[in-house]
Amino acid sequence: TRAAPVIAIDGPSASGKGTVAARVAAALGFAYLDSGALYRLTSLAAQRANVAWDDETGVAAIAAGLDVVFTGDDIRLAGVLVGDAIRTEEISAGASKVAALPAVRAALLFRQRAFNTAPGLVGDGRDMGSVVFPRAPLKVFLTATAEARAERRHKQLIEKGFSANLPDLLADLQLRDARDSQRSVAPLRQEVDARLLETTHLTIEQAVKQVLDWYAEAAK
Ligand code: CDP
Ligand code: CDP
């Protein structure tokens, strides 16, 4: 049996991957995998269990045992809605620390592949095209300048009613991107077979249309 098609969307923090991936999935009637949420949940669950983010064996056990259910936009951890608890800067930094540990990535691999059901899947993260779904018929590397990304994140947080400060957000984002790009397992980078989508001057709608156009071409 042939696996259902996957659109792999990777890129740095706050580039718009999640927004674009969810809209592309809705347009095609595909499932959507927010792989970053799994690393964020692992970061949160480790913190709650008092397991340090650099304890590879301990964090991998937490990742393997995550009791998580995704329903639409809702995520439940051990039956309880997590909401924005996984979106804080502290948990984001923890996510990128646990994501650098090979045993943690291995523990989350099959859970991610299980999302690949008919009629298809759109997955967003850092290694969708390189590791999790290397045979994806369309791979997109979605990016924007660090300044544009920090501004997007800032606007998103303010709209949700959080306090946020642009210089701190930019610094956090650059630190996390550097850690994600420099790690030895599944580093963030554009794969040779990935299409580059530079969105600094694109609207969300334009970015979604580009991905759908590329997919229509790839599926021919
Ligand atoms: O998933 P990722 O962290 O890459 O980004 P996101 O949460 O999807 O997008 C971050 C913010 O940027 C959201 O509020 C989007 O609405 C916004 N965005 C934008 O303003 N322009 C784009 N071309 C793409 C996203
Ligand atoms: O929304 P944003 O792009 O800021 O982050 P995310 O996609 O939710 O991912 C949070 C962190 O998880 C990233 O900084 C990465 O360290 C890690 N991650 C990863 O290593 N591999 C993935 N496929 C997805 C996320």
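Note that the structure is a prediction, hence the values are computed from the model and not measured.

### Details of the overall build of the chain
Part 1 of the argument: Helix and strand content of the chain: nine helices and eight strands.
Part 2 of the argument: Expected size for 220 residues packed as a compact globule is a radius of gyration near 17 Å; at 17 Å, the chain falls within 12% of this value.
Part 3 of the argument: If one aligns the C-alpha atoms of the chain with their principal axes, the spans along those axes are about 50 × 45 × 35 Å.
Part 4 of the argument: The buried share of the chain, taken over its 220 residues, is 45%.
Part 5 of the argument: Considering only contacts within the chain whose residues lie at least 6 apart along the sequence, 75% involve residues at least 24 apart.
Part 6 of the argument: With an accessible surface of roughly 10800 Å², the chain has 55% of that area assigned to carbon and sulfur atoms.
Part 7 of the argument: Of the charged side chains in the chain, 26 are positive and 26 negative; the average position of the first set lies 5 Å away from that of the second.

### Some points on the site of ligand 1
Part 1 of the argument: In the region of ligand 1, 13 residues are neighbours, and A14, G16, K17, G18 and T19 sit closest.
Part 2 of the argument: At a separation of 2.7 Å, an oxygen atom of ligand 1 approaches a polar side-chain atom of K17.
Part 3 of the argument: Residue Q156 places a side-chain N or O atom 3.2 Å away from an oxygen atom belonging to ligand 1.
Part 4 of the argument: A total of 550 Å² of accessible area belongs to ligand 1 in isolation, and the protein chains cover 80% of it.
Part 5 of the argument: For the shell around ligand 1, the elements supplying multiple residues, two or more each, are α1 (17-28) and α7 (146-159).
Part 6 of the argument: Each residue belonging to the shell around ligand 1 can be placed in one class, and the counts come to four nonpolar, six polar and three charged.

### Things to note about the packing of aromatic side chains
Part 1 of the argument: Applying the stated criterion to the full structure yields two aromatic pairs.
Part 2 of the argument: Consider the rings of F30 and Y215, whose centres lie 5.9 Å apart with planes at 80 degrees: the pair is edge-to-face. You can see F30 sitting in the loop between α1 and β2 (31-34) and its partner Y215 sitting in helix α9 (residues 204-219), a full 185 residues away along the chain.
Part 3 of the argument: Taken together, a centroid distance of 5.6 Å and an interplanar angle of 75 degrees make the contact between F70 and F115 edge-to-face. In this pair, F70 is assigned in strand β3 (residues 68-71) and F115 in the loop between α5 (102-113) and β6 (121-125), connecting sequence segments 45 residues apart.
Part 4 of the argument: You can call F70 partly exposed: its relative accessible area is 27%.
Part 5 of the argument: Above the ring of F110, the side-chain terminus of R113 is found at 5.8 Å from the ring centroid.

### Description of the sheet that holds strand β8 (residues 195-198)
Part 1 of the argument: Spatially, β2-β6-β1-β7-β8 is the arrangement adopted by the five strands of the open sheet, whose pairing is parallel. Of all strands in the sheet, those with a lone pairing partner are β2 and β8, marking the two edges. The average undirected angle you get between the axes of adjacent strands in this sheet is 20 degrees.
Part 2 of the argument: In the sheet, β2 pairs with β6 via four bridges, with the strands oriented parallel.

What counts as what
Here, residues in each chain are numbered from 1, in the same order as that chain's written sequence. Chains and ligands are labelled by the order in which they are written, letters from A for the one and numbers from 1 for the other. The predicted nature of this model means local features are confined to residues of pLDDT at least 70 and side-chain atom pairs, given and counted, to a pLDDT of 80 or more, with totals for whole chains, interfaces and linings taken over all residues. The side-chain values count all of the structure's non-hydrogen atoms but skip hydrogen atoms and water molecules. Helix and strand definitions follow DSSP, with helices as H or I runs of at least four residues and strands as E runs of at least two, each counted in order from the N terminus. Radius of gyration here is computed from C-alpha atoms only, and the compact-globule reference equals 2.2 Å multiplied by the residue count raised to the power 0.38. Only protein chains enter the area calculation, which uses a 1.4 Å probe; residues under 20% of their type maximum are buried, those over 50% are exposed, and those in between are partly exposed. For this analysis, residues touch if any pair of their heavy atoms sits within 4.5 Å. Residue burial considers only the protein chains on display, and all accessible areas are found by Shrake-Rupley using a 1.4 Å probe. Charge counting follows a simple rule: Lys and Arg are positive, Asp and Glu are negative, and His as well as the terminal groups are ignored. The atom standing in for a charge is NZ when the residue is Lys, CZ when it is Arg, CG when it is Asp and CD when it is Glu. We call a residue near a molecule or strand as soon as one heavy atom of that residue lies within 4 Å of the molecule or strand. In protein, a polar contact means a hydrogen-donor-capable atom and an acceptor-capable atom, both N or O and within 3.5 Å, with residues adjacent in sequence counting only if both atoms are side-chain atoms; elsewhere, any N or O pair within 3.5 Å suffices. Charged means Asp, Glu, Lys or Arg here, nonpolar means Ala, Val, Leu, Ile, Met, Phe, Trp, Tyr, Cys or Pro, and polar covers whatever is left, Gly included. For this analysis, a ring pair means two rings from Phe, Tyr or Trp (six-membered ring only for Trp) whose centres lie within 6.5 Å, classed as stacked if their planes differ by under 30 degrees, edge-to-face if by over 60, and tilted for the remaining angles. Comment: the charge-over-ring label is applied if NZ (Lys) or CZ (Arg) is within 6 Å of the ring centre and within 35 degrees of the ring normal. Between any two strands, at least two bridges found by DSSP are needed for them to pair. Axis angles are defined between N-to-C directions and span 0 to 180 degrees, where every axis is a line fitted to C-alpha atoms and, for a helix, only to the segment in contact.

These figures capture arrangement, not role.
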